[in-house]
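# Topology and contacts: notes
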Amino acid sequence: MSESGGGVRLTTEQIEAAPDPLYYQVYSIIADAINGGQLKPGDRLPTERSFCERFGVSRATVRRALRRLVDEGLVSSTVGRGSFVISAPLAEPPNALMSFTELAAARGFTQTAQVLGQELRPATLEEAAVFGIDVTSLIFELERVRLLDGDPVAIDRTRMPLAIAPDVMQQDFSDASIYATLDAAGAAPVQGNAVVSSVAADDHRANALGIRVGAPLLVCTTMSLDESGRLVEIGEMAYRADRYQFRATLTRQNKTV
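The model shown is predicted, which means the values in this text are computed figures rather than measured ones.

## With respect to the packing of helix α3 (residues 48-55) against helix α4 (residues 59-71)
Put simply, α3 and α4 touch, their axes get as near as 9 Å, and they point 110° apart. Between α3 and α4, the angle falls in the class roughly perpendicular. Judged by the sense of rotation from one axis to the other, the crossing of α3 with α4 is right-handed. For the pair α3 and α4, contact is made by Glu48, Arg49, Phe51 and Cys52 and by Arg59, Val62, Arg63 and Leu66, respectively.

## Observations concerning α3
Here α3 has its buried residues at Ser50, Phe51, Cys52, Arg54 and Phe55. Downstream of α3 by a residue or two, Gly56 has a phi angle that is positive, lying close to 65°.

## Details of the nonpolar core
Residues Ile30, Ile34, Leu39, Leu45, Phe51, Leu66 and Leu69 are the most contacted members of the largest nonpolar core, which totals 19 residues. The set of elements that each furnish at least two residues to this core consists of α2 (22-35), α3 and α4. Among the elements that line this core, the one with the most residues is α2, at 6 residues.

## A few points about the pattern of salt bridges
For the structure on display, the rule yields 13 salt bridges. A salt bridge links Glu53 to Arg49; the nearest nitrogen and oxygen atoms lie 3.4 Å apart. Of this pair, Glu53 and Arg49 both sit in helix α3, 4 residues apart, which is roughly one turn of the helix. Its relative accessible area of 58% is what places Glu53 among the exposed residues. Judged by relative accessible area, which is 56%, Arg49 ranks as exposed. A salt bridge links Arg205 to Glu236; the nearest nitrogen and oxygen atoms lie 3.2 Å apart. Separated by 31 residues along the polypeptide, Arg205 in helix α8 (residues 203-209) and Glu236 in strand β8 (residues 231-240) bring together distant segments of the chain.

What counts and what doesn't
Residues numbered from 1 in each chain as written. Predicted model: local features only at pLDDT ≥ 70, side-chain atom pairs only at ≥ 80, totals over all residues. Heavy atoms only, no water. Axes fitted to C-alpha atoms, helices over the stretch in contact; angles between N-to-C directions. Helix = DSSP H or I, 4+ residues; strand = E, 2+ residues; numbered from the N terminus. Parallel < 35°, antiparallel > 145°, perpendicular 65-115°, else oblique. Left-handed = near helix turned anticlockwise from the far one by under 90°. Contact = heavy atoms within 4.5 Å. Buried < 20%, exposed > 50% of the residue type's maximum accessible area, 1.4 Å probe, protein only. Core = buried A, V, L, I, M, F, W, Y, C linked by side-chain atoms within 4.5 Å. Salt bridge = Lys/Arg side-chain N within 4 Å of Asp/Glu carboxyl O.

In C-alpha cells form, the structure reads like this:
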C-alpha cells in the first residue's frame, strides 16, 4: 500500500454499520490487510495524516489503532522513520547456539549495530566468582543496539574477561561479532546455558529501541562455554517482544509420573 495510491480504505458504510469504536475499526482494516497479504513485511504504512483523510477519523483515533498494531507485533513504529509491517519474529533453531550475526544471516536479514558504550573495568566480586578469575582482573563490557534491516530489535550487553580475548578492544563492534572474536582467540563458544525472562522497557531501553516506556521485552541471558567447559562470555539480549520468539525442544524423561 503506497501513501499516494489506493490501499486500505474505511468506507462510510463500514463506519456506520460497525458497532466497534472507530480506532478498532481502523485497526481491524489494517490488520486484515497485513494478515491477508495485501500489506507485506517491510511495507511502509501511510502517514497518520493520510490515514485520517482516507478513514475520515481523527489523528488520535489513528494513533490508537497504530499503537494496538505495534503492541500485537504486526507493525513497528520508529520516530522519524514511520511505521512498517514487520517480519516474522526472530528465533533460533531449537537447541542451537548461534550469535545474533549468524542468526540474522540465516534468516536473510541485514544486521547492523550501534555501539552505546564499551569499557574495560575491574571485575565485580560476583563476576570474579562466576568467571573463576581474580578480582583484580579486567572485564570487557559492551552494550549495543542490534538492528535488522535497519529496524532496532534488541539491546545487547556482553561481558567477558579481557584475558580470554586480549585484542577485543581493537574490534569495531558496530560490525564485528563477539562470537567471531572469541573464535579467533581460541575460545569458541560451543555450549550456552540460557534463561529467558520478561521485563518492561525502562527509559534507556525504550529510547534506544524506539518503543514506549513499559513495552514488553524478552531478556535472554546466555552463559557461553568453550569446549573445555570454561565460561567465556555472559550475554544479555533484551529483545522487543514483537520481534523475538524463544524455541526449545523438550523431552519427557519419566513417563510414570
